[in-house]
Amino acid sequence: MPVVRQTAVRSTYRLQLRPDALTFADARAIAEYLQQLGISHVYLSPIMTAVRGSTHGYDVTDPTAVSPALGGPAGLKALSDELRSRGMGLIVDLVPNHVGVGDPRQNPWWWDVLRHGRNSQYASFFDIDWSPGNGAGGRLALPVLQNENDPAALTVDRSGPEPMLALHDLRFPIAPGTDGENPLRIHDKQHYRLVSWKAGICTYRRFFAVSGLAAIRQEDPKVFEITHRELAAWCEHDLIDGVRVDHPDGLAHPAAYLTRLRRLIGPRRLLLVEKVLSNREPLDANLPIDGTTGYDALADLGGVLIDPSGEKVLTELSRRFCGHGSNGAWIGNNEHRIKRAVAETMLTPEVRRLVAAIKRDANAESFDTMALTNATIEVLAFMPVYRTDYSPLAGTVTTVVTKVCKRNSELYAPLSVLATALAVNGEAAMRLHQVGGAVTAKAVEDTMYYQGARLVSLQEVGGNPARFGRSVLEFHLANAERAQRWPAGMTTLSTHDTKRGEDVRARIGVLSQAADRWSKAVIAWSAIAPPPDGATALFLLQNMFGVWPAEGRSAAAVPGLRERLHLFAEKAVREAGTKSSWEEPDLDFEMALHNWIDTVIDGPVGAELSALVSKLAPHAWSDALSQKLLQLCGPGIPDIYQGCELWEDSLVDPDNRRPVDFGHRLSMLQTLTGTPEPDVSGAVKMWIVAYALWLRRERPDCFVGGTYTPLFAAGDTAGHLVAFARGRADEPPQLIAAATRHSVRLAENGWGDAALDLPAGTWTDRLTGHTFTGRVRLEKLFTRLPVALLVR
């Protein structure tokens, strides 16, 4: 259950470290700026030694050493000392599930396993199938061959202190006593076997389907100890104040791991997990954590601003261009199909190993493999969550197996074998949970969310595009529960994993308020510039609308934007897998798509897109500011992803890892002297971020652990207000956050007589300096800005 304690963490600022742009020293240099902004804790991306040149750090090659490229242990301590001297602190991102093995030479553990096989001292660190029936003759299969001619390209590299097998740029060790003249014969004597990436053979557990990331066995106490030795030292020397755990669902036993981790870091440090909660899935209150990294909050914060009146029109537009509505019915019909396809293709090695474990645990070695595989995949395809071994989800597997059996009674026999194996609660049960999470992630977030095109801002990590927004009542009840159950959980609007940044998502969300206008425009544009595929065009046009310059300029005039759109489009169509794919790219289709994008940018469609963006920009800014204030003042600890204190136009990674101009931000912060108008500079967003963070610093007890009270206006337009009060326990409210929603209709008709009754006292809007008492008309409250931050 959540740890009950006072925490000094009021807000976090996520820095995406990279050796070429943002090291520990660079982070130290911006500490003063972050302090002035009001941030209490810097939240670092992974800091252990990673693949050379890594721009994200999740491909750790040595989990026992702080990255020298980032500044090493001395650099980390200097950063911690700098922050401590400013009354700030440090949160670190831990990667317990996997390590980077894409270049074997860079990972000493992996290199040793390749050299010595099962006799390596590190063999048990990895989750490797060494059985004779593993598809590679009992050897470690490495899916690195690109084509059938690759084996002929094998040579022996004798340029260094030891001979190595060479395949293009890759190098592999040669086991003692197996060297010779013929590279192919040398290869045949190794503990590993190089296989085609298309063969569906991989004998080590991976992170999802990424062959360059090999899973490690944290369930082994020896592995836990050695991979957490540095973390223990940071805690011992009080360098850090908390930990974010990357992808705990990939571990053998997440709850047991988190219990051990909590013991290591102690009761007072923040412990957050990157847990993607499926639709209405509760977070397990028995876990010794403070909360998630905030995807659940993201869905609520963005959802409450979506206008449900646009659902019908946008559904019909999707049906016209995609052949389906991208709605709940389509998701329900396709999630199962896509999950099956993922399990039968990219995750074939993991499924094969799961089925073998089922046979062993059920003592059914002779049972028909194909029938058991089919039944197992069917169960995986109907799993409604990443994994079901958390306390609130007890009985989920039973429900799913029963559903599968009712749908297809012919699967009764293989399902009986599966049930027998799961009853043992051994290897098969463990692998079912691990594979289930990978199937869900690859099928839903990395495939289906690139195929739907009704309103792409809803197609986000942890989101549910079938739910066209959230009501104000849903929003308040979710917030109230968050305040009571997870007061120190993280909330976020942008992360390194979101499909698009917060301001891009907010602007796309405005299309729900202008559905008729958007629908007519897209239909007209498709006639002016016919796309190679309607579904792809509808998906990309929304994203282009989201990042298009708002000041009336052409996208061609923005440095780098054309190239970024082309890169995003290529990734999007390959992830979707309907017209092209990573495995078999359709270069002719992609060329036609690139030509269409240039036609849009350089032609009349681009000009009309510019005009529409300019017209709707004030409403996009309104939604962006509303969700930001609601996040910063709402329950939980708000995280600001690097640079997002100003407008940002990021799309999916690696676009969101571009370097941030902190010098510009510091200069702007220091020159803000009065309430800025919403405009393209983003100064108004920084103004709101800073005042909200300063208020959290001034009255911390009103936030983490504070009360949450929904507020409702009276009048015909009262539904356009989202407002709540915060305060200390057992005391009257001290502050009110108020935000505008569905501003397009308000622009036509105004607030009318809508008014909000304020609690007793005189209230000052920190953002404008205006004061209010008693009943305040909303048109007065929002005279200057679409949001208000009232303090008693």
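The structure we're discussing is the one just above.
Described below are features of the structure shown in this document. Only a predicted model underlies this, so the values are computations on that prediction, with no experimental measurement involved.

**Overview of the overall build of the protein**
Thinking step 1. Check the secondary structure of the protein and you find 27 helices and 24 strands.
Thinking step 2. Here the C-alpha radius of gyration of the protein, 27 Å, is about what a compact globule of 792 residues would show, namely 28 Å.
Thinking step 3. Viewed in the frame of its principal axes, the protein has a C-alpha envelope of about 85 × 65 × 55 Å.
Thinking step 4. Within the protein, the proportion of its 792 residues that are buried is 62%.
Thinking step 5. Long-range contacts, defined as pairs at least 24 residues apart, comprise 73% of the intrachain contacts of the protein with a sequence gap of at least 6.
Thinking step 6. Of the roughly 29,400 Å² of accessible surface on the protein, 52% is carried by carbon and sulfur atoms.

**Digging into helix H8 (residues 254–265)**
One turn of the α-helix equals 3.6 residues, which is why residues spaced by three or four share an orientation.
Thinking step 1. Counted at 1.5 Å a residue, the expected span for H8 with its 12 residues is 16 Å, and the 16 Å between its end C-alpha atoms agrees.
Thinking step 2. Along H8, the residues classified as buried are Pro 254, Tyr 257, Leu 258, Leu 261, Arg 262 and Ile 265. Mapping the buried residues of H8 onto a view down its axis gives an arc of 135°, with all of them on the same face.
Thinking step 3. The inward-facing, buried residues of H8 contact strand S5 (89–94), helix H6 (221–227), helix H7 (229–236), strand S14 (242–245) and strand S15 (270–273).

**Comments concerning the layout of surface pockets**
Thinking step 1. By volume, the second largest pocket is sized at about 890 Å³.
Thinking step 2. Elements supplying a minimum of two residues to the lining of the second largest pocket: helix H18 (502–509), helix H20 (534–547), helix H21 (561–576), helix H23 (604–633) and helix H24 (662–671).
Thinking step 3. The residue inventory of the lining of the second largest pocket, partitioned by class, reads 18 nonpolar, seven polar and 11 charged.

**Some remarks on the pattern of salt bridges**
Side-chain pairing between opposite charges can occur once the charged atoms of the two side chains come close.
Thinking step 1. For the coordinates displayed, the defined rule picks out 62 salt bridges.
Thinking step 2. Arg 158 serves as the salt-bridge partner of Asp 179, at 2.8 Å between the closest nitrogen and oxygen. In this pair, Asp 179 is assigned in the loop between strand S10 (170–173) and helix H5 (183–188) and Arg 158 in the loop between strand S8 (155–157) and strand S9 (164–167), connecting sequence segments 21 residues apart.
Thinking step 3. Put simply, Glu 350 and Arg 206 hold a salt bridge, and the shortest N to O gap is 2.9 Å. Taken as a pair, Glu 350 in helix H12 (residues 348–361) and Arg 206 in strand S12 (residues 206–207) lie far apart in primary sequence, 144 residues in all.
Thinking step 4. Here the salt bridges do not stand alone but share partners, grouping Asp 127, Arg 205, Arg 353, Arg 360, Glu 427 and Arg 431 into one network.

**Focus: empty space enclosed by the protein**
Thinking step 1. The full count for this structure, using the stated rule, is 12 cavities of 30 Å³ or more.
Thinking step 2. Surrounding the largest cavity, 20 residues form its lining, Ala 299, Gly 302, Gly 303, Ser 457 and Leu 458 being those nearest its centre.
Thinking step 3. Those elements giving two or more residues to the lining of the largest cavity turn out to be helix H9 (295–303), H18 and H23.

**Examining the side chain of Asn 464**
Thinking step 1. Inspection of the secondary structure assignment puts Asn 464 in the loop between helix H16 (427–451) and helix H17 (472–485).
Thinking step 2. Relative accessible area serves as the criterion here: at 17%, Asn 464 is assigned to the buried category.
Thinking step 3. Of the polar contacts made by the side chain of Asn 464, one reaches the side chain of Asn 279; its length is 3.4 Å.
Thinking step 4. Once you skip the residues sitting within four places of it in the chain, Asn 464 turns out to touch Asn 279, Tyr 449 and Leu 458.

Here is what the cut-offs are and how they apply
Position numbers for residues count from 1 along each chain, tracking the sequence in the order it is written. Per-residue local features are limited, in this predicted model, to residues with pLDDT of at least 70; the limit for side-chain atom pairs, both in listing and counting, is 80 or more; totals at the level of whole chains, interfaces and linings are taken over all residues. Hydrogens and water molecules were not included; the side-chain quantities draw on all heavy atoms of the structure. Runs of H or I in DSSP of at least four residues are treated as helices and runs of E of at least two as strands, each being numbered from the N terminus. Based on C-alpha atoms, the radius of gyration is set beside the globule rule, defined as 2.2 Å times the residue count to the power 0.38. Buried means the residue's accessible area, taken with a 1.4 Å probe over protein chains only, is under 20% of the maximum for its type, while exposed means over 50%, and partly exposed covers the values in between. Residue contacts are counted whenever heavy atoms from the two residues lie within 4.5 Å of one another. Per-residue and other accessible areas follow the Shrake-Rupley method at a 1.4 Å probe size, with only the shown protein chains counted as cover for residues. A helix is expected to span 1.5 Å multiplied by its residue count minus one. Here, the arc refers to the directions that run from the helix axis to the C-beta atoms. A cavity here means a set of 1 Å grid points, computed over protein atoms only, where a 1.4 Å probe fits but cannot escape. A pocket is an open set with protein on both sides within 12 Å along at least 5 of 7 lines, and lining residues have an atom within 4 Å of a point. Grid points are joined across faces, edges and corners, and a volume is the space filled by probe spheres set on the points. Residue polarity is assigned by list, with Asp, Glu, Lys and Arg as charged and Ala, Val, Leu, Ile, Met, Phe, Trp, Tyr, Cys and Pro as nonpolar; anything else, Gly included, falls into the polar class. For this analysis, a salt bridge means a side-chain nitrogen from Lys or Arg found within 4 Å of a carboxyl oxygen belonging to Asp or Glu. A 3.5 Å cut-off defines polar contacts: any pair of N or O atoms within that distance qualifies, except that in protein one atom must be a possible hydrogen donor and the other a possible acceptor, and neighbouring residues in sequence count only when both atoms are side-chain atoms.

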